[in-house]
Protein chains: 2
Amino acid sequence: MSLRFAIITSLLEREATGLELTRRFDRSFGYFWPASHQQIYRELRSLLDAGLIEEKGDPARPGRGQPRVVGVTEEGVASLRRWIGELDEPRPERSSLAVRIRAAAATGELGGVEDAVRRHLAAHTATLETYREIERRDFADRLLDAEGELHHLVLRSGLANEQAWIGWCEDALELLQRLRRSE
Amino acid sequence: MSLRFAIITSLLEREATGLELTRRFDRSFGYFWPASHQQIYRELRSLLDAGLIEEKGDPARPGRGQPRVVGVTEEGVASLRRWIGELDEPRPERSSLAVRIRAAAATGELGGVEDAVRRHLAAHTATLETYREIERRDFADRLLDAEGELHHLVLRSGLANEQAWIGWCEDALELLQRLRRSE
DNA sequence: GCCGTTTATGCAACGAGTTGCACAAACGGC
DNA sequence: GCCGTTTGTGCAACTCGTTGCATAAACGGC
């Protein structure tokens, strides 16, 4: 359900073609709700059918290969407003790295895990750096409007998450090295 | 793919019936890789077909309604060992709460979001408390073997994650209240 | 002996995300 | 004018997770 409303929100910020949306989901929006262009086009179809978005600009042009700009309808805005207040449980976190570590604990096969943790550490470090750059670029000045503050809040969620991961990864590497030495 | 190996790992720690496995995924194992009993039975079928697990005990009994104990085969252990070292990219995090906040920022509909954040805060606080109880119960003494240390490491990952969320939620509530007052 | 609950296994349909690929117009080089 | 690349839209098949329900034995109460 969230993809639907992520798209509506993004289109509300500014109307776009499918590909433009895809690019937004590659940079900013995708940091908290990633989506491929296939997902996006599929969802756009469904949103059009539901009347929550509509085609803007010349509708005479037939489609395939041609950019199609879409925007949010009144109904779309209304459904978004309704959705904001709906119940949502935090979705269960899944960590394949944790599974790997339990598997390593059960088999005694510790070698491969250390590499896996190192790769995770590198990935999270890179992501953190990306987020920091965005923060420097977009949120450096103290005076933000409400929208800016909220965007910053979302970014800080990513920052906190990455920092937590990095701290844990370092912790994990230390333990794994200690276990390796004392074998 | 991870569910497969989560199940093999759990069965390696001790063989079990489908329902016993389900219970493990409700308590310990499910904290980092949740799974419903439907998912588990489906995967068990596929693991049996692949020869990675096998039925233990009397195979004469026909099944439906009767407990069936399964254990890991040699091949199962081998495939688990192979999997441990395989590449895995950290799977993209998805946060519906972040989407909601962006939606709130775009529409100006801030009321519902504050509730949503409060619910998340409550959920994460409860989970943190659960993890802390497990830590007190299972990892209180300083002298753990390698397996124990690794289990503790996995638990600490959950602890760090929940703490990060809680900190951010409090931050978020503060901001939302400030924005509400200054409207 | 019947009946509701618990234990246990399982199917079917759906929804969401992933992977691989196809098709079409436009643009730039030569 | 042809050809490769870029821009853009889109389908199909698959995997994984969720929801709702079916089935069957065993146990306990009365």
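Please read all numbers here as calculations on a predicted model, not as lab measurements.

## What about the overall build of chain A?
Part 1 of the reasoning: When you go through chain A residue by residue, the secondary structure sums to 7 helices and 2 strands.
Part 2 of the reasoning: The order of helices and strands in chain A, counted from the N terminus, is α-α-α-β-β-α-α-α-α.
Part 3 of the reasoning: Against the 2.2 N^0.38 benchmark of 16 Å for 183 residues, chain A shows a C-alpha radius of gyration of 21 Å, more extended than a compact globule.
Part 4 of the reasoning: Principal-axis analysis of the C-alpha atoms gives chain A an extent of 70 × 40 × 35 Å.
Part 5 of the reasoning: Expressed as a percentage of the 183 residues in chain A, the buried residues total 49%.
Part 6 of the reasoning: Total accessible area computed for chain A in this model is approximately 9600 Å², and 48% of it derives from carbon and sulfur atoms.

## Some words on the packing of aromatic side chains
Part 1 of the reasoning: Enumeration according to the criterion identifies 10 aromatic pairs over all chains in this entry.
Part 2 of the reasoning: Between the aromatic rings of Trp165(A) and Trp168(A), the centroid separation amounts to 5.6 Å while the plane-to-plane angle is 90°, which identifies the pairing as edge-to-face. Within this pair, Trp165(A) and its partner Trp168(A) are both found in helix α7 (residues 146–181), separated by 3 residues, close to a single helical turn. Comparing Trp165(A) with Trp168(A), the two get one shared label, buried.
Part 3 of the reasoning: Aromatic side chains Phe5(B) and Trp83(B) sit 4.8 Å apart centroid to centroid with 10° between the ring planes, which places their arrangement in the stacked category. Of this pair, Phe5(B) sits in helix α1 (residues 2–13) while Trp83(B) sits in helix α4 (residues 74–84), and the two are 78 residues apart along the sequence.
Part 4 of the reasoning: Here Phe5(B) falls in the buried class, since its relative accessible area comes to 7%.
Part 5 of the reasoning: Following the ring pairs from residue to residue traces out a cluster consisting of Phe25(A), Phe29(A) and Phe32(A).

## Details of the interface of chain B and chain A
Part 1 of the reasoning: Of the residues lining the interface, 67 residues belong to chain B; the matching set on chain A comes to 68 residues.
Part 2 of the reasoning: Note on chain B versus chain A: buried area summed over both sides is about 6700 Å², and carbon and sulfur give 63% of it.
Part 3 of the reasoning: For the pair chain B and chain A, the number of links is 10 salt bridges.
Part 4 of the reasoning: In this structure, Arg102(A) engages Glu13(B) in a salt bridge whose closest nitrogen and oxygen atoms are separated by 3.3 Å.
Part 5 of the reasoning: Applying the counting criterion to the chain B and chain A interface returns 30 residue pairs in polar contact (both at pLDDT 80 or more).
Part 6 of the reasoning: At the level of elements, α1, α4, α5 (96–107), α6 (111–139) and α7 (146–181) of chain B are the ones that each hand at least two residues to the side of chain B that touches chain A.
Part 7 of the reasoning: Of all the elements, α7(B) adds the most residues to the side of chain B that touches chain A, at 20 residues.
Part 8 of the reasoning: Residue classes in the side of chain B that touches chain A are distributed as 38 nonpolar, 13 polar and 16 charged.

## So, the environment of Ser2(A)
Part 1 of the reasoning: Mapped onto the secondary structure, Ser2(A) falls in helix α1 (residues 2–13).
Part 2 of the reasoning: Given a relative accessible area of 9%, Ser2(A) falls into the buried group.

## Notes on the relation of the copies chain B and chain A
Part 1 of the reasoning: When chain B is fitted to chain A, the residual RMSD is 0.0 Å, and the transformation amounts to a turn of 180° plus an axial shift of 0.0 Å. Such a turn and shift between the copies fits a two-fold axis.
Part 2 of the reasoning: Here 100% of the contact residues of chain B are again contact residues in chain A; the copies associate through an equivalent surface.

## Some words on the protein's contact with DNA strand C
Part 1 of the reasoning: Among the 23 residues in the neighbourhood of DNA strand C, the closest are listed as Leu19(B), Arg23(B), His37(B), Tyr41(B) and Arg68(B).
Part 2 of the reasoning: Among the atoms of DNA strand C lying within 4 Å of the protein, the sugar-phosphate backbone contributes 59%.
Part 3 of the reasoning: Taking Arg42(A), its side chain carries an N or O atom lying 2.9 Å from a base oxygen of DNA strand C.
Part 4 of the reasoning: Every element with two or more residues in the surface near DNA strand C is listed here: α3 (37–49) of chain A together with α2 (18–26) and α3 (37–50) of chain B.
Part 5 of the reasoning: Counting residues per element, the surface near DNA strand C draws most heavily on α3(B), at 5 residues.
Part 6 of the reasoning: Taken together, the residues of the surface near DNA strand C break down into 5 nonpolar, 10 polar and 8 charged.

## Some details on the side chain of His120(A)
Part 1 of the reasoning: With respect to the secondary-structure elements, His120(A) resides in helix α6 (residues 111–138).
Part 2 of the reasoning: Judged by its relative accessible area of 4%, His120(A) is buried.
Part 3 of the reasoning: A polar contact of 3.4 Å, which involves the side chain of His120(A), links it to the side chain of Asp88(B).
Part 4 of the reasoning: Aside from chain neighbours lying at most four places away, what touches His120(A) is Leu97(A), Cys169(A), Asp88(B) and Pro90(B).

## As for the protein's contact with DNA strand D
Part 1 of the reasoning: Around DNA strand D there are 25 residues in total, and Leu19(A), Arg23(A), His37(A), Tyr41(A) and Arg68(A) lie nearest to it.
Part 2 of the reasoning: By atom count, sugar and phosphate contribute 57% of the portion of DNA strand D lying within 4 Å of the protein.
Part 3 of the reasoning: Leu19(A) has a polar backbone atom sitting 2.6 Å from a phosphate oxygen of DNA strand D.
Part 4 of the reasoning: Secondary-structure elements contributing two or more residues to the surface near DNA strand D are α2 (18–26) and α3 of chain A together with α3 of chain B.
Part 5 of the reasoning: For the surface near DNA strand D, the class distribution of residues is 6 nonpolar, 11 polar and 8 charged.

Cut-offs applied
- Residues numbered from 1 in each chain as written.
- Chains lettered and ligands numbered in written order.
- Predicted model: local features only at pLDDT ≥ 70, side-chain atom pairs only at ≥ 80, totals over all residues.
- Heavy atoms only, no water.
- Helix = DSSP H or I, 4+ residues; strand = E, 2+ residues; numbered from the N terminus.
- Rg over C-alpha atoms; globule rule 2.2 N^0.38 Å.
- Buried < 20%, exposed > 50% of the residue type's maximum accessible area, 1.4 Å probe, protein only.
- Areas by Shrake-Rupley, 256 points an atom, 1.4 Å probe, with all protein chains shown as cover.
- Phe/Tyr/Trp six-rings, centres within 6.5 Å; stacked < 30°, edge-to-face > 60°.
- Contact = heavy atoms within 4.5 Å.
- Buried area = accessible area lost by both parts, 1.4 Å probe.
- Salt bridge = Lys/Arg side-chain N within 4 Å of Asp/Glu carboxyl O.
- Polar contact = N/O pair within 3.5 Å; in protein donor to acceptor, adjacent residues only side chain to side chain.
- Nonpolar A, V, L, I, M, F, W, Y, C, P; charged D, E, K, R; others polar.
- Least-squares fit on C-alpha atoms with pLDDT ≥ 70 in both.
- Near = heavy atom within 4 Å.

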